[in-house]
Amino acid sequence: MSNNINITLPDGSVRSYGAGATGLDIAESISKSLAKAAIAVRIDGVLSDLSLPITGDAKVEILKRDHNDALEMIRHDAAHVMAEAVQKLFPGTQVTIGPSIENGFYYDFARNEPFSPEDFEAIEKEMRKIVERGDAFVREVWDRNKAIKFFKDKGEYYKAELIHDLPETEEIKIYRQGEWLDLCRGPHLPTTKHVGTAFKLLKVAGAYWRGDSNKAMLTRIYGTAWRDEKELNAYLHQLEEAEKRDHRKLGAEMDLYHFQHEAQGSVFWHPKGYAIWRILEDYIRRRIQEDGYVEVKTPQLIDNKLWEASGHWGKYRENMFVVPDVVPNTEEGGKVFKEEPTRFMALKPMNCPAHVQIFKQGIKSYRDLPIRMAEMGCCHRNEAHGALHGLMRARQLTQDDAHIFCTEDQIHGEVKKFIELFRKVYDDFGFHDVKILLATRPENKAGDDATWDKAEKAMADVLNELGIAFEYAPGDGAFYGPKYEFHLRDAIGRSWQMCTCQLDFVLPERLDASYVGEDGKKHRPVMIHRAVFGTFERFMGVLIEHYAGKLPLWLAPVQVVVATITGKADDYAATVLASLKKAGLRAELDTRNEKINYKVREHSHAKVPVMFIVGAREAEEGTVAIRRMDSQDQPVEKLENAVETLANLCKPPY
RNA sequence: GCCGUUGUAGCUCAGGGGUAGAGCAUCGCAUUCGUAAUGCGAGGGUCGAAGGUUCAAAUCCUUUCAACGGCACCA
């Protein structure tokens, strides 16, 4: 065996080094400046410490601070530095885990006293000291039992548990920075100095140990870290900007809707908000009618016997609003119910069981399939208080729902048809960055594994055949079948599931739906649950944030305001408004006794996309001065031309 | 549901044991104005709710409700 190893560099050149040479050795052999700038090394594609000896032939890439992976390492190291700082300042705090995340890092601590944002300054100060100290991150491999004992002796029970649960095959790696050390799989930057000072602690939050709500609640500190101050400030600025796009803030400012305590989690839609709703509803109706859907309406309150049969009573009850099927007691000061209720109904949390009931009316033939049964279905879900989040997570929600009853042979065609519909719709709304997941069987599931195998394979096949990239989300499926999840991000980067498409082999069986096949025998239909918007509520929330409230003309609740400069133009302004309304536009009139500056400012804030401004001159000449949002231009046009042009611009895309 | 933070006028916020404040918004009057705030005046609050401490509570304490940030759960 030779003592030399061949290292292939990214430019294709091959150099020979003694076995055990490190990334740093290689960098030094290339240039002094590279060695100085190097922060990590990629060995055969695996990110590693610069100081790790390389034992065999390998492809090696030296990474500098400007590399994308560097940012992740800076954040991970910042988490370690924070953990040391916290343990120094708050003795007795146990460390648990602290990964890098998108835009930053966090560390979960176990401590009886919670941390407060007021502690941040002290922690950051201590972190800067540790960075300034510049200790090397030293990698050590420990014996498993020694490591467990070490951490237990230190009172670090969470760490000991982590080590105990690591697979036998895994090396127990410890990274040391000066006196402080932590269990970690690495890799790390050469020294704490490399973390830099472009970091900031952002918030404290509770988080369950190992993500399990039955386990202890830890305190998590979130921070962000960047290569330099400039990047950090840009990010903090971006956060501020994102706050301004928040649909809850814009919803109030634009007078779209409100919430109040008495109907927690349910929306009071104001005229303008509901105008947007109706535009969405009209649009999606046109789309699904073209695709051969029929529309139905089903009951809100349904006896629990149906929910028992469908499986919701067993698997979904904690999310349902249950209503005793009893006449309430009306005695003053008496109990609400004289006796403990024994019969129950429930507000529907989903539309599917009701749609199956419609399917089951009469006898269906294979010739009737597929049946695409749609409903703008209003559902109620008893969401945990902490889960509620404006329009994104409400207790009353309305899905643009449909269930497609089809044969197994039709699955491919129907799913494909649906994905084409999804693409058209999201394109029309300007949503181009959609993440697609295939969610597979959860633990709490109905149906046998063979059925699940079949369903999951069918769904993966369709996407593969259509050449659509997707990722798996193991365990995230509905209890009755696997599903596609289509996720969009909100203003502050949170991802929300919108569109969905779920295959279901279970419910038709449970509710005994059948059709007569070509062979004259009974068969089970397959059910495809799908929603394009998902829910109107969430779709609107994302829509508002996506456009920062500045909705495209066809969606704007008020498309144009006619604003007068002087009372002398009031009569003319009324005729302008009439022409706009006649052309089918959503128009309003502002003849208030205010200066035009004031009106322009106010309607701009209300995000009205177009203003027709009329004064004495326009009244005289039969024209309007047109002001588009965010434009300094004020072209003056003949009224008829202006209305026609605007009407064309306001046409829905479909 | 769990951890933390915050609740004062319609909105944004100041005040912090001794008579409840500002700006914007609202209403009235004046002004008739050319593209992001015209002037003057008036009205508006059980200080989230309940209980407690105190001569006195918006302020201190307890409980509770809600909102916000996470976690868990999910469209």
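A short tour of the structure in this document, coming up. (Residues numbered from 1 in each chain as written. Chains lettered and ligands numbered in written order. Predicted model: local features only at pLDDT ≥ 70, side-chain atom pairs only at ≥ 80, totals over all residues. Heavy atoms only, no water.)

### Thoughts on the overall build of chain A
Then comes step 1: When you go through chain A residue by residue, the secondary structure sums to 20 helices and 36 strands.
Then comes step 2: Seen through its principal axes, chain A has C-alpha atoms that stretch 90 × 75 × 65 Å.
Then comes step 3: When each of the 654 residues of chain A is scored for burial, the buried share is 50%.
Then comes step 4: In chain A, the proportion of contacts linking residues at least 24 apart, taken out of those at least 6 apart, comes to 68%.
Then comes step 5: Accessible area for chain A stands at about 32300 Å²; split by element, carbon and sulfur atoms hold 49% of it.
Then comes step 6: Side chains of chain A carry 89 positive and 101 negative charges; the gap between the two charge centres is 1 Å. (Helix = DSSP H or I, 4+ residues; strand = E, 2+ residues; numbered from the N terminus. Buried < 20%, exposed > 50% of the residue type's maximum accessible area, 1.4 Å probe, protein only. Contact = heavy atoms within 4.5 Å. Areas by Shrake-Rupley, 256 points an atom, 1.4 Å probe, with all protein chains shown as cover. Lys, Arg positive; Asp, Glu negative; His and termini not counted. Charge placed at Lys NZ, Arg CZ, Asp CG, Glu CD.)

### Some details on the packing of helix 9 (residues 271-290) against helix 16 (residues 536-546)
Then comes step 1: As a packed pair, helix 9 and helix 16 sit with axes 11 Å apart at the nearest point and diverge in direction by 110 degrees. What the angle tells us is that helix 9 and helix 16 run roughly perpendicular. For the pair helix 9 and helix 16, contact is made by Gly-273, Ile-276, Trp-277, Leu-280, Glu-281 and Ile-284 and by Phe-536, Glu-537, Phe-539, Met-540 and Leu-543, respectively.
Then comes step 2: Here the residues of the contact of helix 9 with helix 16 are counted per class, giving eight nonpolar, one polar and two charged. (Axes fitted to C-alpha atoms, helices over the stretch in contact; angles between N-to-C directions. Parallel < 35°, antiparallel > 145°, perpendicular 65-115°, else oblique. Nonpolar A, V, L, I, M, F, W, Y, C, P; charged D, E, K, R; others polar.)

### Observations concerning the sheet that holds strand 29 (residues 515-516)
Then comes step 1: Spatially, three strands are ordered 22-29-30 in an open sheet, and the strand pairing comes out mixed. Edge strands, defined here as strands with exactly one partner in the open sheet, are strand 22 (364-365) and strand 30 (522-523).
Then comes step 2: The pairing of strand 29 with strand 30 spans two bridges and is antiparallel. Paired with Val-516 across the bridge in strand 30 is Lys-522. (Pairing = 2+ DSSP bridges.)

### A closer look at the nonpolar core
Then comes step 1: Ranked by size, the top nonpolar core spans 61 residues in total, and within it Leu-280, Ile-284, Val-425, Tyr-426, Phe-429, Tyr-484 and Phe-533 carry the most contacts.
Then comes step 2: The leading source of residues in this core is helix 13 (residues 411-428), at eight residues.
Then comes step 3: Not counting residues up to four positions away in its chain, the partners in contact with Leu-280 are Phe-429, Phe-533, Phe-536, Phe-539, Met-540, Leu-543 and Leu-555.
Then comes step 4: One finds Met-73, Val-81, Val-95 and Ile-123 within the second-largest nonpolar core, a separate group that totals 31 residues. (Core = buried A, V, L, I, M, F, W, Y, C linked by side-chain atoms within 4.5 Å.)

### Remarks on the protein's contact with RNA strand B
Then comes step 1: Every one of the 54 residues lining RNA strand B counts as a neighbour, but His-385, Gln-497, Arg-538, Asn-593 and Glu-618 are closest to it.
Then comes step 2: Taking all atoms of RNA strand B within 4 Å of the protein, the share assigned to sugar and phosphate is 51%.
Then comes step 3: Within the contact set of RNA strand B, a sugar or linking oxygen lies 3.1 Å away from a backbone nitrogen or oxygen of Gly-206.
Then comes step 4: Here a phosphate oxygen of RNA strand B and a side-chain polar atom of Lys-483 are 2.7 Å apart.
Then comes step 5: For the surface near RNA strand B, the elements supplying multiple residues, two or more each, are strand 14 (199-208), strand 15 (217-225), strand 28 (495-504), helix 18 (596-605), helix 19 (616-621) and strand 35 (623-628).
Then comes step 6: It is helix 18 that contributes the most residues to the surface near RNA strand B, seven residues altogether.
Then comes step 7: Here the surface near RNA strand B is built from residues that sort into 20 nonpolar, 18 polar and 16 charged. (Near = heavy atom within 4 Å. Polar contact = N/O pair within 3.5 Å; in protein donor to acceptor, adjacent residues only side chain to side chain.)

### Quick look at the environment of Ala-70
Then comes step 1: Within the secondary structure, Ala-70 sits in helix 3 (residues 68-89).
Then comes step 2: Relative accessible area serves as the criterion here: at 1%, Ala-70 is assigned to the buried category.
Then comes step 3: The spacing of Ala-70 and Val-195 is 125 residues in sequence and 9.8 Å in space, taken between C-alpha atoms.
Then comes step 4: Excluding residues within four positions of it along the chain, Ala-70 makes contact with Ile-39, Lys-64 and Arg-65.

### With respect to the packing of aromatic side chains
Then comes step 1: Tallying each qualifying case throughout the model produces 28 aromatic pairs.
Then comes step 2: Seen in terms of ring centroids, Tyr-283 and Trp-554 are 5.4 Å apart; in terms of plane orientation they differ by 50 degrees. Their pairing is tilted. Residue Tyr-283 is found in helix 9, and its partner Trp-554 is found in the loop between helix 16 and strand 32 (560-564); the two are separated by 271 residues along the sequence. Judged on exposure class, the residue Tyr-283 and its partner Trp-554 are both buried.
Then comes step 3: The interplanar angle of 90 degrees and the centroid separation of 5.0 Å between the aromatic rings of Phe-429 and Phe-539 together place this pair among those described as edge-to-face. Taken together, the residues span a long stretch of sequence, with Phe-429 in the loop between helix 13 and strand 25 (435-439) and Phe-539 in helix 16 at a distance of 110 residues.
Then comes step 4: Residue classification places Phe-539 among the buried positions, given a relative accessible area of 0%.
Then comes step 5: The side chain of Arg-75 reaches across the aromatic face of Trp-226, ending 4.4 Å from its centre.
Then comes step 6: Directly above the aromatic system of Tyr-222 lies the positively charged group of Lys-203, at a separation of 5.4 Å from the ring centroid. (Phe/Tyr/Trp six-rings, centres within 6.5 Å; stacked < 30°, edge-to-face > 60°. Lys NZ or Arg CZ within 6 Å of the ring centre and 35° of its normal.)

### Overview of empty space enclosed by the protein
Then comes step 1: In total, this model carries two cavities of 30 Å³ or more according to the counting rule given.
Then comes step 2: Here the largest cavity defines a volume of roughly 40 Å³.
Then comes step 3: Forming the boundary of the largest cavity are Ala-242, Asp-246, His-389, Asp-490, Ala-491, Ile-492, Arg-494 and Glu-545.
Then comes step 4: Residue classes in the lining of the largest cavity are distributed as three nonpolar, one polar and four charged. (1 Å grid on protein atoms, 1.4 Å probe; cavity = no way out; pocket = protein on both sides within 12 Å on 5 of 7 lines; lining within 4 Å. Points joined across faces, edges and corners; volume = space filled by probe spheres on them.)

### Notes on the sheet that holds strand 19 (residues 301-303)
Then comes step 1: Taking strand neighbours across the sheet as the criterion, the three strands line up as 19-21-20 in an open arrangement whose pairing is antiparallel. The sheet terminates laterally at strand 19 and strand 20 (322-324), the two strands that pair on one side only. For this sheet the average axis-to-axis angle between neighbouring strands, irrespective of direction, equals 35 degrees.
Then comes step 2: The pairing of strand 20 with strand 21 (residues 344-347) spans three bridges and is antiparallel. When the sheet's bridge partners are listed, Val-323 is paired in strand 21 with Met-345.

### Digging into the side chain of His-80
Then comes step 1: For His-80, the location among the structural elements is in helix 3.
Then comes step 2: Residues contacting His-80, with those up to four places away along its chain left out, are Phe-137, Gln-177, Trp-180, Asp-182, Cys-184 and His-188.

These figures capture arrangement, not role.
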